[in-house]
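# Remarks on the overall topology
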Amino acid sequence: MSTYAFDYARAQSVDEALTLLAGHDGEARLLAGGHSLIPAMKLRLTAPTLLIDVSGLEDLAAVTLDGGHLAIGALTTHRAVETSELVRTHCPALAEAAAGIGDPQVRNRGTIGGSLAHADPAADYPALVLALDAEIEMTSRDGTRTVSADDFFVDMYTTALAAHEMITRVRIPVLGHGEGAAYAKFANPASRYAVVGVAAKVSLADGTCRAARVAVTGAAPKAFRATAVERRLAGRPLTEAVIAEAVRGLADPNELLSDLSGSAEYRAHLCEVMATRALREAAARAA
Amino acid sequence: MPNFIGSPVKRVEDKRFITGKGRYTDDIVLPGMTYACIVRSEHAHARIKAIDTSAAEAVDGVLAVFTGQDMVDDGILSIPTGWAVGDAMKEPPHYPLAVGKVHHVGDGVAVVIATDKATAQDAAEQVMIEYEPLPAVVDATAALAPDAPIVHDGLDSNLCFDWELGDRDATDRAMAAAHHVTTYELVNQRVVPNAIEPRSAIGHYDPAREELTLYTSSQNPHLIRLLLCAFVWPDLPEHKVRVVSPDVGGGFGSKIFHYPEEVICAWASKKLERPVKWTAARSESFVTDAHGRDHVSTAELGLDAEGNMVALRVKTVANLGAYLSTFAPAVPTYLYGTLLAGQYRTPHIHVNVKGVFTNTVPVDAYRGAGRPEATFLVERVVELAAKELGMDPAELRRKNFIRPDEFPYDTPVALQYDSGNYEGALDKALEMIGYEDFRREQAEARKQGRLLGIGFSSYIEACGIAPSQVVGALGARAGLYESGGIRVHPTGKVEVFTGTHSHGQGHETTFAQIVAHELGIPLENVEVVHGDTSRVPFGMGTYGSRSLAVGGSAIMRALDKVKDKARKIAAHKLEAAEEDVEFVDGTFRVKGTDRTIGFGDVALTAYVPHDYPEGVEPGLDENAFYDPKNFTFPFGTHICTVEVDPDTGVVRILRYVAVDDVGNIINPMIVEGQIHGGIAQGVGQALFEGAVYDETGQPLTGSYMDYTMPRADDLPSFEVGHQVTPCPHNPLGVKGAGEAGTIASTACVVNAVVDALYHRGIRDIPMPLTPERVWRALHAGGDGAAAAAAPAGGNGQA
Ligand SMILES: Cc1cc2nc3c(=O)[nH]c(=O)nc-3n(C[C@H](O)[C@H](O)[C@H](O)COP(=O)(O)OP(=O)(O)OC[C@H]3O[C@@H](n4cnc5c(N)ncnc54)[C@H](O)[C@@H]3O)c2cc1C
């Protein structure tokens, strides 16, 4: 199928992209990997009049170590995240999640910034940035601001990002001593997006969980943190029994999505299973 | 000279395919090309009250907008089906674009033709259609209810035909006397064929010569031409029409049929005197390519106290969709009911099939066509019977197999099996899988809470549907022979013309191997030509695993003629009697001497007949038509093992063993490829695929986001073992290999999953066995009722 007609501009700098964006009053869209935007345009679900191609902005396609944080440029492809030595060293769970996104073609084009901006309820990264307590840096002609992942996701396909803003970086605290993280995904057999994906990060001291962050994607209209589970884990050793008890009732089926890939009831069950698997692995890595 | 028969020659066509140089219909760009976009119904069932095309016509770049009525007014008639099941069969009209009413989501209503694709699509949105929505029916069983909405005006019910086969009374009596009766209610769910190349058509009318060329992604170009000229567009003279099916990227049955878009592009091209192209978007493929399967059945298998099968009674409701597609009536009847004996000696079988119209995409032949449905039913009910009787499933099968000395064997459902050795295939498969060891491993695993299972499928298929006289008596509106031509060029190079069509099967290699072998010439001296009605003698195309058994046999006949004539020429040149000349490895020789002449020299002589036998025509160019004596009957046993994850319900296939007997094998690599692909497709139906509609007739699985195709990482490495029982009645001794994998594997996988869960009280889970359905079955225990409550797939309803 064909898209509606649109204009195309290749931005040479962030400034140029932001100027074009601001000048088009919500009718323009940034084009990164194009792996969410172009399919939607071909299905004629969205019809921007101008595409601002930012995929050539190499400054934003790098991963660096910035103090205690991994700074991942918004245009870093899934493949680059998957293979980055820095990510593998300081946050292997993120590299593993990236490796499980779509297929090689998707991973070679799709970007972390595009994925977060798009905020597909079944995307993988949202669970990771929530569990890893990431910050998302956004820039507009008015300047740069940073919001925590907790404040970023608003609703299905809706985020804190304003129409004239661009995500420039994602900052993720590196894992310290006694910390471990993992991601467990139950992939939709058709699309391979997450039916339920759970990311978990735990900090252990003397065999006891000091803090845990558990975040779920795919199950609900937006990714969310399982704060009750986190609380139940704090201060306890992460045994099978403790984990099993903590994840019980993680999600209320009434608040979950229900579709061909899984009813709300099944998704609620998968939340528990995937949380168990993620926590088990995170704890093993932390120890 | 290498022996080409039985050799795993690399496919000659693959170079162009894997380097992206195939030439598919959509790759063809003609001068002055225009593009069609079809406006499709979003309603499952609605009356068309008005169509306003003016805004669309006003769009810059739009050349024309046509409606169904425009076509009818210009002499276009309904697209017929190719098969009549009984005189009472209802055949409501199927116009290329809807007239009066739309009957399913995706039904074409108007066509916009523009100078480019995007403009055509923009303008299509401007075609204003006023509908009066009508209640729809999607489920075939529901469609038979007295108060169901009636799909077609002019009919008083949705029943298309009510067909039966076998001796009802004898079956009833045997069933009543049976020691044990296993009853199985099943849904063989609707699936979408999903060939990788979306359908495409180009109509190209040449006003100067008054000739029409239709390029189309079809499995059988001659049949398309025949249907178009003889039925749909009687003003179109057949000798002025050329149908070309160039490279075609997969069909699986879905490209056999004569589709509306072929008529639309052909007709519009004549109207506009410009070429008109249409290519389906993938989302269009989902709602316009004929779907497959969609049966709801009840099976009862009666057994005596020793486990001998004494009777099988089957009732099936087959969903035909909104219109009768080209083969649709034959699939759930002659290609299904006749296969219900399977490999067993069951003496009494009766089957009743009701074909039903619904407001869904038409259903027609899909890889296996009827035979997978029959095999699924038989192999599942046999498996359940074994479980209920506490018998080993392999032994129950063995006990009931038709024995090798019983062939030819007349089944109670009208077929005569010509040959077979069912126990041989079973034993080989059991040995390959290591049956005893697996049963031990399964018992061990169960103690640890792990769920392992093993499944069997002993299948039979009937390929190369024939002979023409018989199928004619059964209602076929066409013959089912095949043509083959051998054109030897003066330099000894050879073109082979076949009326079959290759769209993934590798005919360009297999057929060339046969010809190279028979003529003793290098493979590269042989070119196989197919898919063009102006080059190839009238043929019936490719489906039903018929190409080698029927088409290959026609080529063998033509080769005989070529060799006979060449021998005459050779004898003349060698100054010997014809009987004294033998043909060995490409050389004619006077027996017992060293006087020889090569095939190439004979070919040259045929075209430069200076020194030539009297009474022999020049040239070396022969055609043959071959009408088989019977079907061929490939068979085999597949066995797989699975593990079910009790936490999530995910099924993982651990091992898959296939022992197939497809007769003689020309190219083992191609046969293995066919078996592999076939198994994957059947596994797809077992575990993943299902076309789902909501109750209003809206398709819920309209893209790959929701419709699950099997992928490489869902499958183990297949272990393929062959057994060879040559077909006794065709010159190659071949049977057909294209569908075997699909026919066997669906039941095999479901049987394995049920075997893993039977001790938990689960005797069935409806397909596809999605993780949620398996999980629900595990949690509810008992039968699949709880699992059926899960979404995804199913009987055509969400
Ligand atoms: C076949 C397939 C399978 C997939 N499977 C998965 C999967 O398993 N898991 C998963 O998570 N995802 C999956 N995806 C989605 C994929 O990860 C996309 O790449 C991602 O969602 C979007 O990233 P992109 O760079 O392609 O963004 P684009 O498509 O270019 O843009 C998406 C949206 O984000 C906006 N945008 C892009 N970059 C920025 C920026 N820097 N700042 C502000 N706005 C921006 C765009 O304007 C647009 O609105 C799949 C996609 C496909 C096609």
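Residues numbered from 1 in each chain as written. Chains lettered and ligands numbered in written order. Predicted model: local features only at pLDDT ≥ 70, side-chain atom pairs only at ≥ 80, totals over all residues. Heavy atoms only, no water.

## Let's talk about the overall build of chain A
If you tally the helices and strands in chain A, you get 12 helices and 14 strands. Whereas a compact globule of 287 residues would reach a radius of gyration of roughly 19 Å, chain A reaches 19 Å, a difference of no more than 12%. Each principal axis of the C-alpha atoms in chain A carries an extent, and together these give about 60 × 45 × 30 Å. Counting every position in chain A, which comprises 287 residues, the buried fraction comes to 53%. Pairs at least 24 residues apart make up 61% of the contacts formed inside chain A by residues separated by at least 6 positions. Carbon and sulfur atoms form 49% of the exposed surface of chain A, whose accessible area is close to 11800 Å². Charged side chains of chain A number 27 positive and 34 negative; the gap between the two group centres comes to 4 Å. (Helix = DSSP H or I, 4+ residues; strand = E, 2+ residues; numbered from the N terminus. Rg over C-alpha atoms; globule rule 2.2 N^0.38 Å. Buried < 20%, exposed > 50% of the residue type's maximum accessible area, 1.4 Å probe, protein only. Contact = heavy atoms within 4.5 Å. Areas by Shrake-Rupley, 256 points an atom, 1.4 Å probe, with all protein chains shown as cover. Lys, Arg positive; Asp, Glu negative; His and termini not counted. Charge placed at Lys NZ, Arg CZ, Asp CG, Glu CD.)

## Here's the deal with the interface of chain B and chain A
Listed per partner, the contact involves 28 residues of chain B and 23 residues of chain A. Linking chain B with chain A are seven salt bridges, by the criterion used here. In this structure, Arg776(B) and Glu265(A) form a salt bridge, with 3.1 Å as the shortest nitrogen-oxygen distance. Counting every contact that joins chain B to chain A gives 15 residue pairs in polar contact (both at pLDDT 80 or more). Secondary structure elements with two or more residues in the side of chain B that touches chain A: α4 (117-124) and α20 (771-780) of chain B. The residue makeup of the side of chain B that touches chain A, split by class, is 12 nonpolar, five polar and 11 charged. (Salt bridge = Lys/Arg side-chain N within 4 Å of Asp/Glu carboxyl O. Polar contact = N/O pair within 3.5 Å; in protein donor to acceptor, adjacent residues only side chain to side chain. Nonpolar A, V, L, I, M, F, W, Y, C, P; charged D, E, K, R; others polar.)

## Some remarks on the sheet that holds strand β19 (residues 482-488) of chain B
Residue and element names in this part refer to chain B. Pairing within the open sheet is mixed, and its four strands lie in the order β21-β20-β19-β25. Of all the strands in the sheet, the pair left with one neighbour each is β21 (526-529) and β25 (621-626). Taken pair by pair, the neighbouring strands of this sheet meet at an average axis angle of 15 degrees, ignoring direction. Relative to strand β20 (residues 494-498), β19 is paired through five bridges, and the arrangement is antiparallel. (Pairing = 2+ DSSP bridges. Axes fitted to C-alpha atoms, helices over the stretch in contact; angles between N-to-C directions.)

## Some remarks on the side chain of Gln189(B)
All names here are of chain B. Mapped onto the elements, Gln189 comes out in strand β8 (residues 180-191). Among the polar contacts listed, one links the side chain of Gln189 to the backbone oxygen of Gln685, at a separation of 2.8 Å. For Gln189, the side chain forms a polar contact with the main-chain oxygen of Glu689, separated by 2.7 Å.

## Points about the pattern of salt bridges
All names here are of chain B. Going through the model one piece at a time under the given rule, you end up with 71 salt bridges over all chains. The shortest N-O distance in the salt bridge between Arg199 and Asp289 comes to 2.8 Å. Within this pair, whereas Arg199 is found in the loop between β8 and β9 (200-206), its partner Asp289 is found in the loop between α9 (282-288) and β13 (292-303), the two being separated by 90 residues in sequence. There is no split in this pair, since Arg199 and Asp289 are both buried. Between Glu719 and Arg655 there is a salt bridge, with the nearest N and O atoms lying 2.7 Å from each other. Taken together, the residues Glu719 in strand β28 (residues 718-722) and Arg655 in strand β27 (residues 651-661) connect sequence positions 64 residues apart.

## Structural notes on the packing of aromatic side chains
This model, assessed by the stated rule, comprises 24 aromatic pairs over all chains. Between the aromatic rings of Phe186(A) and Tyr266(A), the centroid separation amounts to 6.1 Å while the plane-to-plane angle is 90 degrees, which identifies the pairing as edge-to-face. With a gap of 80 residues between them, Phe186(A) in strand β11 (residues 179-187) and Tyr266(A) in helix α12 (residues 264-286) connect regions that are remote in the sequence. Exposure class is identical for Phe186(A) and Tyr266(A). Each is buried. Clustering of aromatic rings is evident, with ring pairs tying together Trp83(B), Trp163(B), Phe327(B), Tyr334(B) and Tyr543(B). Between Arg44(A) and the ring centre of Tyr4(A), over which it is positioned, the NZ or CZ distance is 4.1 Å. (Phe/Tyr/Trp six-rings, centres within 6.5 Å; stacked < 30°, edge-to-face > 60°. Lys NZ or Arg CZ within 6 Å of the ring centre and 35° of its normal.)

## Let's talk about the sheet that holds strand β14 (residues 309-321) of chain B
Residues and elements named next belong to chain B. Sheet architecture is open: five strands sit in the order β7-β15-β14-β13-β8, paired in mixed fashion. Among the strands making up the open sheet, the edge pair consists of β7 (159-166) and β8. Neighbouring strand axes in the sheet, compared pairwise and without regard to direction, differ in orientation by 10 degrees on average. Strand direction decides the pairing type here: β8 and β13, joined by 11 bridges, are antiparallel.

## What about the site of the ligand?
Residue and element names in this part refer to chain A. Every one of the 28 residues lining the ligand counts as a neighbour, but Leu30, Gly34, Ser36, Leu37 and Thr111 are closest to it. Between Leu30 and the ligand, the recorded distance is 2.5 Å, taken from a backbone N or O atom to an oxygen atom. His35 has a polar backbone atom sitting 2.8 Å from an oxygen atom of the ligand. For the ligand, whose free accessible area comes to 960 Å², the fraction covered by protein is 91%. Broken down by secondary-structure element, the contributors of at least two residues to the shell around the ligand are β2 (28-31), α7 (112-118) and β10 (166-173). At four residues, the largest contribution of residues to the shell around the ligand is made by α7. When its residues are assigned to classes, the shell around the ligand shows 13 nonpolar, 11 polar and four charged. (Near = heavy atom within 4 Å.)

## A word on the domain arrangement of chain B
Residue and element names in this part refer to chain B. According to the domain assignment, chain B contains domain 1 (14-134 + 196-250 + 255-288), domain 2 (367-462 + 630-788) and domain 3 (481-626). Between the C-alpha centres of domain 1 and domain 2 there is a distance of 38 Å. Together domain 1 and domain 2 conceal approximately 580 Å² of surface at their shared face, both sides included; 63% is due to carbon and sulfur atoms. Counting across the interface, domain 1 meets domain 2 through zero salt bridges. Residue classes in the side of domain 1 that touches domain 2 are distributed as four nonpolar, two polar and two charged. (Domains from an automatic or database assignment. Buried area = accessible area lost by both parts, 1.4 Å probe.)

## Let's talk about the pairing of β11(A)
Residue and element names in this part refer to chain A. Of the strand pairs in this sheet, β11 and strand β12 (residues 194-205) are connected by nine bridges, and their pairing is antiparallel. By the bridge assignment for β12, Tyr183 is matched with Ala199. Between the end of β11 and the start of β12, which pair antiparallel, lie six residues, with Arg192 showing a positive phi angle near 70 degrees.

## Re the packing of helix α18 (residues 668-688) of chain B against helix α19 (residues 740-757) of chain B
All names here are of chain B. The contact between α18 and α19 brings their axes to 7 Å, and the two run at 40 degrees. The angle between the axes of α18 and α19 places the two elements in the oblique class. For the element pair α18 and α19, the recorded crossing hand is right-handed. Listed contacts from α19 to Ile675, Gly678, Ile679, Gln681, Gly682, Val683, Gln685, Ala686 and Leu687 of α18 are Ala740, Gly741, Thr742, Ser745, Thr746, Val749 and Val750. Grouping the amino acids of the contact of α18 with α19 by side-chain chemistry returns eight nonpolar, eight polar and no charged. (Parallel < 35°, antiparallel > 145°, perpendicular 65-115°, else oblique. Left-handed = near helix turned anticlockwise from the far one by under 90°.)

## Here we look at the domain arrangement of chain A
We note that the domain assignment places domain 1 (7-53), domain 2 (58-173) and domain 3 (179-286) within chain A. Just the C-alpha atoms count here: the centres of domain 1 of chain A and domain 3 of chain A sit 35 Å apart.

## Concerning a nonpolar patch on the surface
All names here are of chain A. Among the surface-exposed residues, Met1, Leu43 and Leu45 lie close enough to one another that they form a single nonpolar patch of about 320 Å² accessible area. Positionally, Met1 belongs in the segment before β1 (7-10). On the accessibility criterion, Met1 (39% relative accessible area) is partly exposed. (Patch = residues over 30% accessible without salt bridge, like charges linked within 9 Å, V, L, I, M, F, W, Y side chains within 5 Å.)

## Concerning the nonpolar core
Taken as a class, soluble globular proteins show a tendency for nonpolar side chains to be buried jointly. Residue and element names in this part refer to chain B. Of all hydrophobic cores here, the largest spans 134 residues; its most connected members are Trp83, Leu340, Tyr417, Val644, Tyr656, Leu687 and Leu757. By residue number, the principal contributor to this core is α19, which donates 12 residues. Residues lining this core come from more than one domain, with at least three contributed by each of domain 1 (14-134 + 196-250 + 255-288) and domain 2 (367-462 + 630-788). If we skip the residues at most four places from it in the chain, Leu757 touches Leu451, Val644, Ile762, Ile765, Val774 and Leu778. Formed by 47 residues, the second largest nonpolar core is a distinct cluster that contains Ala512, Ile555, Ala558 and Val616. (Core = buried A, V, L, I, M, F, W, Y, C linked by side-chain atoms within 4.5 Å.)

## Things to note about the confidence of the model for chain B
Residues and elements named next belong to chain B. Mean pLDDT over chain B stands at 95; residues scoring 70 or higher make up 97%. Long-range and interchain partners of residues 793-798, a stretch whose pLDDT sits below 50, account for 25 contacts in this model, where long-range means more than four residues apart. Scored by ipTM, the complex comes to 0.96, with pTM at 0.96. (pLDDT = per-residue confidence, 0-100.)

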